[in-house]
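# Architecture at a glance
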Protein chains: 2
Amino acid sequence: MALIVQKFGGSSVKDAECINRVAGIVADTYSEGNDVIVVVSAQGDTTDDLIDKANEINPKHSRREHDMLVSAGEQISIALLAMAIEKLGLPVVSLLGWQAGFSTNSSYTMARIKKIDKERLHNELDAHKIIVVAGFQGLNKYDDITTLGRGGSDTSAVALAAALHADKCQIFTDVTGVYTTDPRKVSGAIKLNEITYDEMLELATCGAQVLNNRSVEMAKKYNVELEVLSSIKREPGTIVKEAIKVEKMLIRGVAKDNDVARISVLKLEDIPGVAFKLFSKLAARKINVDIILQSVGRDGTKDITFTVPEAMAEQAKEATLEAFPNLLDDEVLIDTNVSKISIVGAGMETHPGTASQMFEALYDAGINIQMISTSEIKISVLVAKSDAERAVSAVHESFFPED
Amino acid sequence: MALIVQKFGGSSVKDAECINRVAGIVADTYSEGNDVIVVVSAQGDTTDDLIDKANEINPKHSRREHDMLVSAGEQISIALLAMAIEKLGLPVVSLLGWQAGFSTNSSYTMARIKKIDKERLHNELDAHKIIVVAGFQGLNKYDDITTLGRGGSDTSAVALAAALHADKCQIFTDVTGVYTTDPRKVSGAIKLNEITYDEMLELATCGAQVLNNRSVEMAKKYNVELEVLSSIKREPGTIVKEAIKVEKMLIRGVAKDNDVARISVLKLEDIPGVAFKLFSKLAARKINVDIILQSVGRDGTKDITFTVPEAMAEQAKEATLEAFPNLLDDEVLIDTNVSKISIVGAGMETHPGTASQMFEALYDAGINIQMISTSEIKISVLVAKSDAERAVSAVHESFFPED
């Protein structure tokens, strides 16, 4: 008998039909002899609807009351799912975050889980009950409700799996698993049977948002085996774990990220400390910098180019002008007409030809590379946004040739 | 400085406009130098909508999950009201039933308050915060959410006022107070300045549902001064308390109750124990019997007639046939075409002419009285449903003549 944690997102429980489908999956897992803990998010657009109501009344409402409000969403979905499981004649109990023992710090709207008190969970499991837990929420030291931030239900599920040493944590989504690239865009996209935590993390930061990053990091830290699978199609998904069987694949996927802006800072003095000055100003504003490229100094000046999320572009420019008050406005250029294309795969560490194969594919497709960045298991390039889809197809076709 | 508990029902917080209006009332009370605790119900139709969702999934859902579900309704309204008060720049905190210390017994959907742990309430009041409490809900000994049943928010408010020795408990509704009869039906209806607990209870059981009965009983027990007033019109309402100033009014109000069925049991044996046999069967099915009339025995038989809530009529007939298996089906008659008209007033105890004045008014209007029942401060008569409105007008005009 295994202990399995199953997590269903908001779209999987959005109406009665969906909830009954989820109840069926849970019931099957339980009836196979497993202990089952189910983590659910709020139904469909409930959270957004509640936030709209709040903003209509007071757009500057406190974060404490925000959490009090939105956490009602999961309360509704756990009760409804429990009722659907009751209908199938199985023993079930729904638990709010605090009832399931989730203690968090006090950062409302973006709380971190500190501890899970397992007493009640163990009691309910000992009574052979299916437990339906409200994801995304916990209680802080003031006995006030906190939420973990968007995507927090994934984190709740992984944290439960880690705390209870579950055999598996299944994350049900609207896709059947993790693909080598977006299957809606590229016909030759291949579903992966397995992927490592690190590859999953790199894919996520490259714009393939199947799993919330914090949950993958936590799974890696506590060695929780994840499975990404569909709540609609009943078929095996993609397993995410530490080490995977060697497959013939050199890379694990090709991802595209359109949420990127390139900032070019021209004619900086070519003296020590320039980069520090710039990036400490950006860090102070909590701006995430991705790719950084510094030109070789010439004529006593140098250029620094970096990328940031698109919404941060104007702020990044402000920070730059703050760091170098002597710069003219047109010496800090913003280009949002760019995309980042990445390939990810633990295999590339031992295959030096990977980068050149990617560059060759782009060259053959006539696509200009603006910037390059590499890590041990990832290569990213910046290309014009208009070239992005073609770039993904070309690179994917090179590494995963269609028969 | 006084401590005032204010309760607002679902229609008073049904949308942003209403919530802002409530926030204004609360803010004014606080700004006058009072400590304020606000108890709110779920918004408008939220509770019914949630129950509809539940019934779509599983009409036979457990009562525990029912309470988990519907209690989300008040969670939403307290957070929204707190946000509206924040906008007015006042310190405020919303508290769920369990955070406000409400312990109940374990009867889901109809729990009774056992105790209020006042520690957190005192802490928040000491910090000069306005406290917004979720009505209708508490926590049982299993740490599971319970609800107090319909109208439970009134009870929550009175219980808080009693526990904290509040100076006043204001119940805001959609009427401006308690009237001598329904002001929408009778133009001469007069708003009462004051009424006693007992009169209020009698009026409520006679169909004038301004306040939930349990809350009035609790207010009487703990001597909590209630005020019934409007959340729309800012004007003094009706004070409900133990003893009131002598007013010229002989009676306090005329009420009509259409939710009544008359059961007539014919040709019962005229021997001892017949009534006991009948009413113990009814009690066993928890059927509330109101007026009882037993004919004088004749020819060795007697008739017993009694009234029950309309929805209980068929059950009452079944219980009767169970008590007397020899009765024929047509010897137990149900008549739902009746209404109960009542006059209530502590003054009638010392005015023996009250009953005859009522009967005279009905006689003058040509209305036949089917049954009569009296208590110390109430006289009820049963009339045909078609005569009910005329009966109310005639009796009201007699006791409260229009100028």
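Below or above, wherever it landed, is the structure these notes cover. (Residues numbered from 1 in each chain as written. Chains lettered and ligands numbered in written order. Predicted model: local features only at pLDDT ≥ 70, side-chain atom pairs only at ≥ 80, totals over all residues. Heavy atoms only, no water.)

### Some thoughts on unusual backbone geometry
Residue and element names in this part refer to chain A. Of note, the phi angle at asparagine 223 is positive, near 55 degrees, even though the residue is not glycine. Here asparagine 223 is to be found in the loop between α7 (213-222) and β11 (226-230). A relative accessible area of 54% places asparagine 223 in the exposed class. (Helix = DSSP H or I, 4+ residues; strand = E, 2+ residues; numbered from the N terminus. Buried < 20%, exposed > 50% of the residue type's maximum accessible area, 1.4 Å probe, protein only.)

### Observations regarding the side chain of A:Thr305
Residues and elements named next belong to chain A. Mapping threonine 305 onto the fold places it in strand β16 (residues 301-308). Under the relative-accessibility criterion, threonine 305 is labelled buried at 12%. Setting aside its immediate chain neighbours within four residues, threonine 305 contacts Arg262, Ile263, Ser264, Ile291, Ile292, Leu293 and Met371. (Contact = heavy atoms within 4.5 Å.)

### Notes on the interface of chain B and chain A
Residue-level contacts link 42 residues of chain B with 42 residues of chain A. Counting each side, the surface lost to burial between chain B and chain A is near 3,400 Å², with a carbon and sulfur contribution of 61%. Run the count over chain B and chain A and you get two salt bridges. Between B:Arg120 and A:Asp144 there is a salt bridge; the shortest N-O distance is 2.8 Å. The interface formed by chain B and chain A includes 22 residue pairs in polar contact (both at pLDDT 80 or more). Of the residues in the side of chain B that touches chain A, the class split is 23 nonpolar, 10 polar and nine charged. (Buried area = accessible area lost by both parts, 1.4 Å probe. Salt bridge = Lys/Arg side-chain N within 4 Å of Asp/Glu carboxyl O. Polar contact = N/O pair within 3.5 Å; in protein donor to acceptor, adjacent residues only side chain to side chain. Nonpolar A, V, L, I, M, F, W, Y, C, P; charged D, E, K, R; others polar.)

### Side note on the relation of the copies chain B and chain A
For these two chain copies, the linking operation is a rotation about an axis paired with a shift along it. In screw terms, the move from chain B to chain A is a rotation of 180 degrees and a rise of 0.1 Å along the axis, fitting with an RMSD of 0.2 Å. The two molecules are tied by a two-fold rotation axis, judged by turn and shift. Identified as the residue of chain B closest to the rotation axis by C-alpha distance is B:Ala72, at 2.6 Å. Here 100% of the contact residues of chain B are again contact residues in chain A; the copies associate through an equivalent surface. (Least-squares fit on C-alpha atoms with pLDDT ≥ 70 in both.)

### Observations concerning the sheet that holds strand β12 (residues 238-241) of chain A
Two strands in a sheet stick together by hydrogen bonds in their backbones, pointing the same way (parallel) or opposite ways (antiparallel). Residues and elements named next belong to chain A. Sheet architecture is open: eight strands sit in the order β3-β6-β2-β1-β9-β11-β12-β10, paired in mixed fashion. Since the sheet does not close on itself, it has two edges, and those belong to β3 (92-95) and β10 (194-196), each with one partner. Ignoring strand direction, the axes of neighbouring strands in this sheet form an average angle of 20 degrees. Helix α6 (residues 197-205) rests against β10 and β12 of the sheet, and its axis sits at about 85 degrees to β10. (Pairing = 2+ DSSP bridges. Axes fitted to C-alpha atoms, helices over the stretch in contact; angles between N-to-C directions.)

### Here's the deal with the environment of A:Ala394
All names here are of chain A. Inspection of the secondary structure puts alanine 394 in helix α11 (residues 388-399). C-alpha of alanine 394 to C-alpha of alanine 365: the two residues are 29 residues apart in sequence and 6.7 Å apart in space. When neighbours within four sequence positions are excluded, alanine 394 is seen to be in contact with Ala361 and Ala365.

### Brief notes about the pattern of salt bridges
All names here are of chain A. The tally for this structure, following the rule as stated, stands at 52 salt bridges over all chains. With a closest N to O distance of 2.6 Å, arginine 285 and glutamate 322 form a salt bridge. On the criterion of sequence distance, the pair formed by arginine 285 in the loop between α8 (274-284) and β15 (292-294) and glutamate 322 in helix α9 (residues 313-323) is long-range, its members being 37 residues apart. On the accessibility criterion, glutamate 322 (40% relative accessible area) is partly exposed.

### Quick notes on the pairing of strand β18 (residues 338-344) of chain A
Residues and elements named next belong to chain A. In terms of burial, β18 is largely enclosed, as seven of its seven residues are buried. On β18, burial covers both faces: Val338, Lys340, Ser342 and Val344 on one face and Ser339, Ile341 and Ile343 on the other are all buried. Bridge count between strand β13 (residues 253-257) and β18: five bridges; the pairing is antiparallel. By the bridge assignment, glycine 253 is partnered in β18 with valine 344. Relative to strand β20 (residues 378-384), β18 runs antiparallel, the two being bridged by seven bridges. Paired with serine 339 across the bridge in β20 is valine 383.

### A word on the packing of helix α2 (residues 46-57) of chain B against helix α3 (residues 63-87) of chain B
For any two helices packed against each other, one specifies the inter-axial angle together with the distance between the axes. All names here are of chain B. Viewed as axis vectors pointing N to C, α2 and α3 meet at an angle of 150 degrees, and their least axial separation amounts to 9 Å. Here α2 is positioned roughly antiparallel relative to α3, judged by the angle of their axes. As α2 runs across α3, the sense of the crossing is right-handed. Along its contact with α2, which presents Thr46, Thr47, Leu50, Ile51 and Ala54, the element α3 presents His66, Leu69, Val70, Gly73 and Glu74. (Parallel < 35°, antiparallel > 145°, perpendicular 65-115°, else oblique. Left-handed = near helix turned anticlockwise from the far one by under 90°.)

### Brief notes about α7(A)
All names here are of chain A. Residues of α7 that are buried: Asn213, Ser215, Val216, Met218 and Ala219. The N-cap residue of α7 is asparagine 212: its side-chain oxygen and the backbone nitrogen of arginine 214 are 3.1 Å apart. Directly after α7, the chain includes asparagine 223, whose backbone phi takes a positive value near 55 degrees.

### Here's the deal with the side chain of B:Thr307
All names here are of chain B. Mapped onto the secondary structure, threonine 307 falls in strand β16 (residues 301-308). Judged by relative accessible area, threonine 307 falls into the buried class, the value being 0%. With residues up to four places along the chain from it excluded, the contact list for threonine 307 reads Val260, Ala261, Arg262, Asn288, Val289, Asp290, Ile291, Met371 and Leu382.

### Comments concerning the pairing of strand β1 (residues 3-8) of chain B
All names here are of chain B. The buried count for β1 comes to six of six residues, which makes it a mostly enclosed element. Side chains of β1 alternate between two faces, with Leu3, Val5 and Lys7 and Ile4, Gln6 and Phe8 buried alike. In this structure, β1 lies alongside strand β2 (residues 35-40), joined through six bridges in parallel fashion. Each bridged residue has a counterpart across the sheet, and for glutamine 6 the counterpart in β2 is valine 38. Looking at chain direction, β1 and strand β9 (residues 168-173) are connected through five bridges and run parallel.

Shape is all these values report; function is a separate question.
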